[in-house]
Amino acid sequence: MSLTLFNFVDAKDKFTASARHALVGKTSKPLVNVFNQFPGNEAEKKTTLDQALRGVLGDQIVEKKVNCDEYLSLIYLSIDAVTEGICSATTPFLLLGDVLDCLPLDQCDKIFSFVEENVSTWKSSSFYTAGKNYLLRMCNDLLRRLSKSQNTVFCGRIQLFLARLFPLSEKSGLNLQSQFNLENVTVFNKNEQESTFGQKHTEEKEDGMEVEEGEMGEEEAPAPCSIPIDYNLYRKFWTLQDYFRNPVQCYDKFSWMTFLKFSDETLAVFKSYKLDDMQASKRKLEELRASGGEHVYFAKFLTSEKLMDLQLSDSNFRRHILLQYLILFQYLKGQVKFKSSSCVLNDDQTTWIEETTKLVFQLLKEIPPDGDKFATMVEHILNTEENWNGWKNEGCSSFVKERTVDEKPKRPTRKRQAPEDFLGKGPDSKIFMGNDELTRLWNLNHDNMEACKSDSREFMPSLDEFFAEAIEQADPTNMVEEEYKAVRNPNYGWRALRLLSRRSPHFFQPTNQKFKSLADYLDSMVSKLAKELPKDIPSEEIKTGEEDDDDNGDNLLKDSNDSPSIQSKMVSNQQMDDIAAKLGAQWKTLAPHLEMKAAELREIETDSEDVDMQAKLLLVAWQDREGTQATVESLVAALNTAGFAQFADVLSEA
């Protein structure tokens, strides 16, 4: 018996004709009938139908007489075909991509409205897995074609659609490393000689600065500001945008002094230049309310010197600037997982931020209209943002939790009748155990299993409570002799191991470090826990031999007879930052000499695309694995072996 070959050309012609017939009748039945009647393999027929539908779309695009509704009718037909099981699940997305690639932006707007309305269809089980990557690529292609300043609303619709399509825990939509958009640079006049401040009003008119009729008359001109608006104020005001763009600069001492000075002057202008005292502002608010409260937003600031006075008189502009301050302060004070160890505020900076935050909220309340409501809303949003920051620091775990449902429901079984008093179903609901004392104990609680889960039955101590004494003894300033330390007590060591296995992730981390005794291992664990525990442990200062700043502590460590893990000089975070910056793209050369596995290297490359950050992650992973054995000596030896002798010499001299 000879096998019949599948005729692709004949099948495509029939499918094309039936697709056109289905478009006219607006039903998929003709297409389904032809698909079922045509002989051949299901996979071959599906592939042919996919090509036929794309061919019909190509003909429609070439004709250029088809409107958007006919394109959408073909896409609806492909969706019905997927539902009927005669078409590939990716076909509707391929058709959408072809349409958006060939149409101008005004028609793309209509097509994307269809995409937005059918988000529930894309999220269904039939389409989501097959089409999510196509939709993401399609949206990114659209964003590349759009202008952020001229098509701001369209860009926002695309972002909102992606937020509705993907779950919150989708890693591709999360800024896990808290990186900033450093390309968003605010350009302004930095040459004082080219400044237009101080010129006469007539000269401004000659330069093209025209005032619309009825916008601001002589009688409605704002009262003069107590602080004059000159080039110095203009320069300082717009320089602040660079700090809002890259908040990490505020941790630098000299940059912070500049930011502090410029901020004080800017906020002084906002404080003295009240909007509610200006007639022009009141008239503008009345016009906005009469027009339904519609506002005009711009994607970028206009930094012309001639607009400075008008910008200071605009309530929306002030709110933008003050809100930038609050977002910056939240980042500086917050706990961010990927912050460098040097990004820490001192007491003076913290005090200034707290005082300035109160001032900013007060200024927000004074800005019309509805200043109090706006300030309350902003405070609520920032508090909610703290929860999102905590969620990102914990690894962005999924919000969807699977229910534990039994596979087969248990069939009710008939029980033999028993005396009511024995089963506790009598009037006293008491179960008798045959002994007065056992009966009393058994009936202390109605549900004994729930009683065992009570918080009062939790006898396991927390890590900070149990290891507080050991951490305090590890402080060289307390001068506790080795034989009197708690870690030398076998009973304490046995309980510490049980607690670490239940509550500490360090217990299960693989390491090549070798310990001579249990006490040496516990010394290493105490050093790690001291970094993580809160700062309110009852000791003046916790030191574990890792700090390089205190010379007295180093001398005590050298003279003491502690274990080798305490005597060794640990690699500081600053040293790791310096080495990572020097290694750059050459970090993979060092990785084998630090005994890093291939899986760990792939994970580092996945976590970040920046080579400096990859080098930093390599050193951090090595330090976490080695613990107290991650010494300067070990790193210098690895650098020399890898051929980085210059880096090793710099590290040794530090």
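Residues numbered from 1 in each chain as written. Predicted model: local features only at pLDDT ≥ 70, side-chain atom pairs only at ≥ 80, totals over all residues. Heavy atoms only, no water.

(A) Expanded view of the overall build of the protein. A count of helices and strands for the protein gives 31 helices and zero strands. Restricting to contacts in the protein with at least 6 residues of sequence separation, those with at least 24 account for 70%. For the protein, the computed accessible surface area is about 41,400 Å², with 51% contributed by carbon and sulfur atoms. (Helix = DSSP H or I, 4+ residues; strand = E, 2+ residues; numbered from the N terminus. Contact = heavy atoms within 4.5 Å. Areas by Shrake-Rupley, 256 points an atom, 1.4 Å probe, with all protein chains shown as cover.)

(B) Spotlight on the packing of helix α8 (residues 128–145) against helix α9 (residues 152–165). Where α8 contacts α9, the two axes come as close as 11 Å, and the packing angle between them is 165°. For the element pair α8 / α9, the angle class is roughly antiparallel. Of the two elements, α8 crosses α9, and the hand of that crossing is left-handed. For the pair α8 and α9, the contacting residues are Y128, L135, L136, C139, L142 and L143 in the first and F154, C155, I158, Q159, F161, L162 and L165 in the second. Looking at the contact of α8 with α9, its residues break down into 12 nonpolar, one polar and no charged. (Axes fitted to C-alpha atoms, helices over the stretch in contact; angles between N-to-C directions. Parallel < 35°, antiparallel > 145°, perpendicular 65-115°, else oblique. Left-handed = near helix turned anticlockwise from the far one by under 90°. Nonpolar A, V, L, I, M, F, W, Y, C, P; charged D, E, K, R; others polar.)

(C) View of the nonpolar core. Membership of the largest hydrophobic core comes to 52 residues, with the highest contact counts inside it found for I111, V115, W122 and F161. Ranked by residue count, the leading element in this core is helix α4 (residues 68–84), at nine residues. Once you skip the residues sitting within four places of it in the chain, F161 turns out to touch F112, V115, E116, V119, W122, L135 and C139. By size, the runner-up hydrophobic cluster in this structure holds 45 residues, among which are L240, M308, L322 and V336. (Core = buried A, V, L, I, M, F, W, Y, C linked by side-chain atoms within 4.5 Å. Buried < 20%, exposed > 50% of the residue type's maximum accessible area, 1.4 Å probe, protein only.)

(D) The packing of aromatic side chains, seen in detail. Here the structure, examined in full by the defined rule, presents 32 aromatic pairs. Summarising the aromatic geometry, the rings of W256 and W352 are spaced 5.4 Å apart at their centres and angled 85° between planes, so their arrangement reads as edge-to-face. With W256 in helix α12 (residues 253–272) and W352 in helix α16 (residues 347–366), this pair connects stretches of sequence that are 96 residues apart. No difference in accessibility class separates W256 from W352, as the two residues are buried. Taking 5.9 Å as the distance between ring centres and 50° as the angle between the ring planes, the aromatic pair formed by Y325 and F329 counts as tilted. Taken together, the residues Y325 and F329, both in helix α15 (residues 315–333) and four residues apart, mark about one turn of the helix. Given the relative accessible area of 1%, F329 is considered buried. Through a chain of ring-to-ring contacts, the aromatic side chains of Y243, F244, W256, F259, Y325, F329 and W352 assemble into a single cluster. In this structure, K339 is placed above the aromatic ring of Y331, and the distance from its NZ or CZ to the ring centre is 4.6 Å. (Phe/Tyr/Trp six-rings, centres within 6.5 Å; stacked < 30°, edge-to-face > 60°. Lys NZ or Arg CZ within 6 Å of the ring centre and 35° of its normal.)

(E) Molecular detail of the pattern of salt bridges. Under the definition given, this model contains 16 salt bridges. In this structure, D141 engages R144 in a salt bridge whose closest nitrogen and oxygen atoms are separated by 2.7 Å. With D141 and R144 both in helix α8 and three residues apart, the pair spans about one turn of that helix. The exposed category is assigned to R144, whose relative accessible area is 64%. For the salt bridge of E482 with R488, the shortest nitrogen-to-oxygen distance reads 2.1 Å. Overall, the relative accessible area of 30% leaves R488 in the partly exposed class. Three or more residues joined by partner-sharing salt bridges are found here, namely E482, K485, R488, D520 and D523. (Salt bridge = Lys/Arg side-chain N within 4 Å of Asp/Glu carboxyl O.)

(F) Representation of the side chain of S195 in the model. Within the fold, S195 resides in the loop between α9 and α10 (201–206). One polar contact links the side chain of S195 to the main-chain amide nitrogen of F197, over a distance of 3.2 Å. Ignoring any residue separated from it by four or fewer positions in sequence, one finds S195 in contact with N189, Y231 and E305. (Polar contact = N/O pair within 3.5 Å; in protein donor to acceptor, adjacent residues only side chain to side chain.)

(G) Structural view of α12. In this model, α12 (20 residues) spans 29 Å end to end at C-alpha, consistent with the 28 Å of a helix rising 1.5 Å per residue. Listed in full, the buried residues belonging to α12 are S255, W256, F259, L260, F262, S263, T266, L267, V269 and F270. Buried-residue contacts for α12 involve α11 (231–245), α14 (308–312), α15 and α16. Its side-chain oxygen at 3.4 Å from the backbone nitrogen of F254, D252 defines the N-terminal cap of α12. (Expected span 1.5 Å × (residues − 1).)

(H) A nonpolar patch on the surface, seen in detail. On the surface, M433, L438, L441, W442 and L444 cluster together to form a nonpolar patch covering roughly 500 Å² of accessible area. Turning to its location among the elements, L444 is positioned in the loop between α19 (436–442) and α20 (448–452). (Patch = residues over 30% accessible without salt bridge, like charges linked within 9 Å, V, L, I, M, F, W, Y side chains within 5 Å.)

(I) Broad picture of the confidence of the model for the protein. Averaged over all residues, the pLDDT of the protein equals 79, while 81% of them reach at least 70. When the elements of the protein are averaged for pLDDT, helix α25 (residues 564–567) gives the smallest value, 39, and α16 the largest, 95. Taken together, the stretch residues 207–226 has pLDDT below 50 and engages in 26 contacts with residues farther than four places along the chain or on a different chain. When the criterion is pLDDT under 50, residues 537–567 qualifies, and its contacts beyond four places in sequence or with other chains add up to 40 contacts. (pLDDT = per-residue confidence, 0-100.)

(J) Quick peek at the environment of G58. With respect to the helices and strands, the residue G58 is situated in helix α3 (residues 42–63). Among the residues examined, G58 registers a relative accessible area of 28% and is labelled partly exposed. Between the C-alpha atoms of G58 and C102, which are 44 residues apart in sequence, the distance is 9.8 Å.

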